[in-house]
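# Summary of structural features
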Amino acid sequence: MSLVGKNIDAHCTKCKRLLAHIVMYEVDGAVSRVKCKTCGSEHRYKREKPQIKRSDPAPRSRQEMRGKTASASRKAVNDVPVRWELRQSEMNTEIPVKTYSIQDIFKLKDVIRHPVFGLGFVERVISETRMDVLFKDAVKLMAMNTRP
Ligand SMILES: [Zn+2]
């Protein structure tokens, strides 16, 4: 089915926007030349969208990767409550919950209760005086074994 003489939306090189055009002729069944109904200029038919789609695979995969990276890093932040819930649900009821004090010494997997942040799980002991604690909202760097 020939499109010659039919209306087609195309990007007009003069008007610089998508406008109604008339198909002048086709090459191998593909619209080749169009005439702008607005300014009357004839120009090659630019299939803007398909062109973008054809060159899409690379940029899109990069975009997807960026998206994944972004969502991954978002997850890293957002999964704290999930991890916290999990740790809480897996928590051995026999494990004593220690009240957090800056002077006390805590070790990995200790369960602590902080007056402000609530229940926390020691995820990493960084040094003799520093540890990462998983609280419900965030992993916080906490001081320990420190004389006030
Ligand atoms: Zn035009």
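Preceding this section is the structure that the text describes.
Residue indices begin from 1 for each chain and proceed along its sequence in written order. Side-chain atom pairs in this predicted model are given and counted only at pLDDT of 80 or more, local residue features only at pLDDT of at least 70, and totals for whole chains, interfaces and linings cover all residues.

Let us now look at the overall build of the chain. Under the scheme used here, helices are H or I runs from DSSP no shorter than 4 residues and strands are E runs no shorter than 2 residues, and both carry numbers assigned from the N terminus. Each helix and strand in the chain was counted, giving two helices and nine strands. Residue pairs in contact within the chain that sit at least 24 positions apart in sequence constitute 26% of those at least 6 positions apart. We call two residues in contact if the C-beta atoms placed from their backbones are at most 7 Å apart.

What follows is about the sheet that holds strand β8 (residues 130–134). The pairing of strands in a sheet comes from backbone hydrogen bonds and takes either a parallel or an antiparallel form. Across the sheet, which stays open at both edges, the five strands sit in the order β5-β6-β7-β8-β9 with mixed pairing between neighbours. In this open sheet, the two edge strands, each paired with only one partner strand, are β5 (97–99) and β9 (139–143). Between one strand axis and the next, the sheet turns by 45 degrees as a mean value, whatever way the strands run. Looking at chain direction, strand β7 (residues 118–125) and β8 are connected through four bridges and run antiparallel. The residue bridging F121 from the neighbouring strand is L134, located in β8. Two strands qualify as a pair provided DSSP detects at least 2 bridges between them. Under this scheme, a helix contributes an axis fitted over its contacting stretch, all axes are lines through C-alpha atoms, and angles between N-to-C directions fall in the 0 to 180 degree range.

Strand order in the open sheet formed by four strands is β1-β2-β3-β4, and the pairing between neighbours is antiparallel. Two strands bound the open sheet, and with one partner strand each, they are β1 (7–12) and β4 (42–44). Taking the axes of each pair of neighbouring strands and ignoring which way they run, one obtains an average angle of 50 degrees across the sheet.

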